[in-house]
Structure formats: structure tokens, C-alpha cells
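Listed below, chain by chain, are the residues.
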Amino acid sequence: MPEPTTDRSDEVLVQITEGVARVTLNRPERRNALSWTMVSRLREVLAELASDRAVRVVVLTGAGDKAFCAGADLTGMAAGAGHLDLHDSRGELAAVFRQLWHLGKPTIARVRGYALAGGMGLALACDLVIAADDAQFGTPEIDVGLWPFMITVPLVRSMPPKKALELMMTGRRVSADEAERIGFVTRVVPVDQLDATVDELAATLAAKPPAVMRLGRESFYAVWDQAADDALRLLHPLLTVIAGSEDTAEGLAAFAEKRPPRWTGR
């Protein structure tokens, strides 16, 4: 396996193998809580992966076995920062969500242990969430006199809105099994099957036609909040665009010739 990349910061590690980039939040001693430098580095990493044509899938995870991400580092994020600087910095997590949605390739959150507050939002901003059966989710901000403003959008996009409101108002913890029942976790597996399950899913997605995957995924997010008529007006011409792509032509030819397709991403 390649060695992780640690340019400028070892708080976010990157490992790329066979078209799958594994991005690891690397502060296990702080349960991978988000520092300013970690969020900044994560934004840089996502920008690099978005432009890397060799990367077809991104897996986001946390180091160690205690947490995916326990949210913001409340003890260290404000040190030495002015009021306006803090305001601007708080918006960086929203920028990460936007980057994930507009990445142009599938994203998978691999979750062990705690995914709390901003960490829960980060997981739910990914396309799919695979959780070990020891995972716990929650929005405990209310209990320290805060409100999970920044993660409201990924939460209400991942479960019934009133369920999201209940979790935000109570701050209670949600087990992996309940998270799967609510619908914001794609699949729950035993801890010893987590890596194999994530690897299998990532390989499946990486083997799909990248041009079709990119445009199809972008269309999904583009029509999410649109009225049906507006969404259909956007989707109709996209079908014509995709039908003229090299990947579509190759897929149809491979189907007719009963052979595996050879995708080019064009």
C-alpha cells in the first residue's frame, strides 16, 4: 500500500489505491475533533482530489477506533482569533460540505465510534455512510448552549426533517442500528467487516463509467431542492448529453458484444 501523504499537515492523511482515495482525519488523541488547520487542510485535499482524474471514489474516515469525528475542537479553535475571524472560520465547514457535494465523484463515509456535531454533519455530507455497529451519532450542541446551525442542511437532506429537529433539540445519541432505521446510514456491519465492506463498495463505484457517474451525481444534487417541473426541465437535456458520450457508446457496444466495458471517462 502507498504511504499516506502528509504535506503541510499530518492532521489529514491521503492514501490513493486503484482509483480510491482514502482521506483520514488524523487526531485520534482528540477523537479526530476538527481544528482550524484540519478543516483548512481538508479543503485543500478535496480540491486536489476533485481535479485528479485518476481518483474515482473518495472514502472519508477517522484515525483510530474511537471516533470518526467528535465535532469541532471547542477547547482550541478560538485561541487568539478575533470575532470576525471566528465568524469567517465557522463558515469553512459549510465550504467543505459544498466541496463534497460538488466533488464530481462518489464519496463514502466510513464510520467507527463517535460521529458527533460537525462530525455527524461531515459524515452525512458524503453520498453514502457505512457504519460499524459500534458507531454513535448525535448533535449534542444544545447541551453546551449552542445549536448545530452549520450541519442543518446535511441532516435534513439525510432523514425526515422532523427527526433531524428532534435530534438537534434533544442532543441524544443515536446507535448505528437506529441510524440505519432512520435512513441516514446506508449500511451497518460488524467492526471486523467494516474495511472489507467499504473497500468492496468503493471498488464497485470506481468500476462505473466516470463521465456518467459525474454528470448523474451532479444532476442528483442539482435537482434535490427543485420543484418537479423545474427538475424535469434540467434532467431531460442531460439525458441527451450523456447519450452522446464515449462512455455511453462503449457501454452499449460492450452490452451488445457481451464483453466488459472499457471506460474512458469521456
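Residues numbered from 1 in each chain as written. Predicted model: local features only at pLDDT ≥ 70, side-chain atom pairs only at ≥ 80, totals over all residues. Heavy atoms only, no water.

Peer 1: Would you mind going over helix H8 (residues 194–206) with me for this structure?
Peer 2: Side chains of residues three or four places apart in an α-helix project in the same direction, reflecting 3.6 residues per turn. Given a rise of 1.5 Å per residue, 13 residues ought to cover 18 Å, and the 18 Å separating the end C-alpha atoms of H8 matches this to within 8%. Each element contacted by the buried residues of H8 is listed here: strand S2 (20–25), strand S3 (57–62), strand S5 (107–111), strand S7 (128–132), strand S10 (187–189) and helix H9 (210–222). (Helix = DSSP H or I, 4+ residues; strand = E, 2+ residues; numbered from the N terminus. Expected span 1.5 Å × (residues − 1). Contact = heavy atoms within 4.5 Å.)

Peer 1: Explanation requested: the packing of aromatic side chains in the structure shown.
Peer 2: The relation between two aromatic rings is expressed through the spacing of the ring centres and the mutual angle of the planes. All told, the structure shown has 5 aromatic pairs when counted by the stated rule. Seen in terms of ring centroids, Tyr221 and Trp224 are 5.9 Å apart; in terms of plane orientation they differ by 5 degrees. Their pairing is stacked. Its relative accessible area of 32% is what places Trp224 among the partly exposed residues. An aromatic cluster is present here, built from Phe220, Tyr221 and Trp224 joined pairwise through their rings. Against the face of Trp101 rests Arg157, its NZ or CZ located 4.7 Å from the ring centre. We note Arg157 situated over the ring of Trp224; from NZ or CZ to the ring centre the distance is 4.8 Å. (Phe/Tyr/Trp six-rings, centres within 6.5 Å; stacked < 30°, edge-to-face > 60°. Buried < 20%, exposed > 50% of the residue type's maximum accessible area, 1.4 Å probe, protein only. Lys NZ or Arg CZ within 6 Å of the ring centre and 35° of its normal.)

Peer 1: Looking at this structure, I do not really get the pairing of S5. What am I missing?
Peer 2: Within S5, 5 of the 5 residues are buried, leaving the element largely enclosed by the surrounding structure. The two faces of S5 match: Thr107, Ala109 and Val111 on one face and Ile108 and Arg110 on the other face are all buried. Taken together, the 3 bridges between S3 and S5 define a ladder with parallel strand orientation. Across the sheet, Val58 pairs through a bridge with Thr107, a residue of S5. Bridge count between S5 and S7: 4 bridges; the pairing is parallel. Its bridge partner being in S7, Ala109 is matched across the sheet by Val129. (Pairing = 2+ DSSP bridges.)

Peer 1: Explain the sheet that holds S10 to me, please; I cannot follow it from the model alone.
Peer 2: Strand-to-strand pairing in sheets goes through backbone hydrogen bonds, with the strands running parallel or antiparallel. Spatial strand order, S1-S2-S3-S5-S7-S10: 6 strands in an open sheet with mixed pairing. Only two strands of the sheet have a single neighbouring strand rather than two, namely strand S1 (12–17) and S10. Across the sheet, the mean angle from the axis of one strand to that of its neighbour is 20 degrees, orientation sign disregarded. Pairing between S2 and S3: 6 bridges, direction parallel. (Axes fitted to C-alpha atoms, helices over the stretch in contact; angles between N-to-C directions.)

Peer 1: Whenever I open this one, the packing of helix H1 (residues 36–50) against helix H3 (residues 92–101) confuses me. Can you help?
Peer 2: Between two packed helices, what matters for the description is the angle formed by their axes and the separation of those axes. Across the interface, H1 lies against H3 with an axial gap of 10 Å and an inter-helix angle of 20 degrees. On the basis of their axis angle, the class for H1 and H3 is roughly parallel. As for how H1 packs across H3, the hand of that crossing is left-handed. Counted together, Val39, Leu42, Arg43, Leu46 and Ala47 of H1 and Glu92, Leu93, Ala95, Val96, Gln99 and Leu100 of H3 form the full contact between these two elements. Each residue belonging to the contact of H1 with H3 can be placed in one class, and the counts come to 8 nonpolar, 1 polar and 2 charged. (Parallel < 35°, antiparallel > 145°, perpendicular 65-115°, else oblique. Left-handed = near helix turned anticlockwise from the far one by under 90°. Nonpolar A, V, L, I, M, F, W, Y, C, P; charged D, E, K, R; others polar.)

Peer 1: Would you mind going over the packing of H9 against helix H10 (residues 228–243) with me for this structure?
Peer 2: Put simply, H9 and H10 touch, their axes get as near as 11 Å, and they point 175 degrees apart. On the basis of the axis angle, H9 is roughly antiparallel to H10. Of the residues in H10, those in contact with Ala211, Val212, Leu215, Ser219 and Ala222 of H9 are Leu234, Leu235, Leu238, Val241 and Ile242.

Peer 1: What is the right way to look at the sheet that holds strand S4 (residues 67–69) in this model?
Peer 2: Strand order in the open sheet formed by 4 strands is S4-S6-S8-S9, and the pairing between neighbours is mixed. Whereas interior strands pair on both sides, the edge strands pair on one side only; in this sheet they are S4 and strand S9 (173–175). Shown here is a sheet whose adjacent strand axes are inclined to one another by a mean of 25 degrees, direction ignored. Pairing geometry for S4 and strand S6 (residues 114–116), over 2 bridges, is parallel. Across the sheet, Ala67 pairs through a bridge with Tyr114, a residue of S6.

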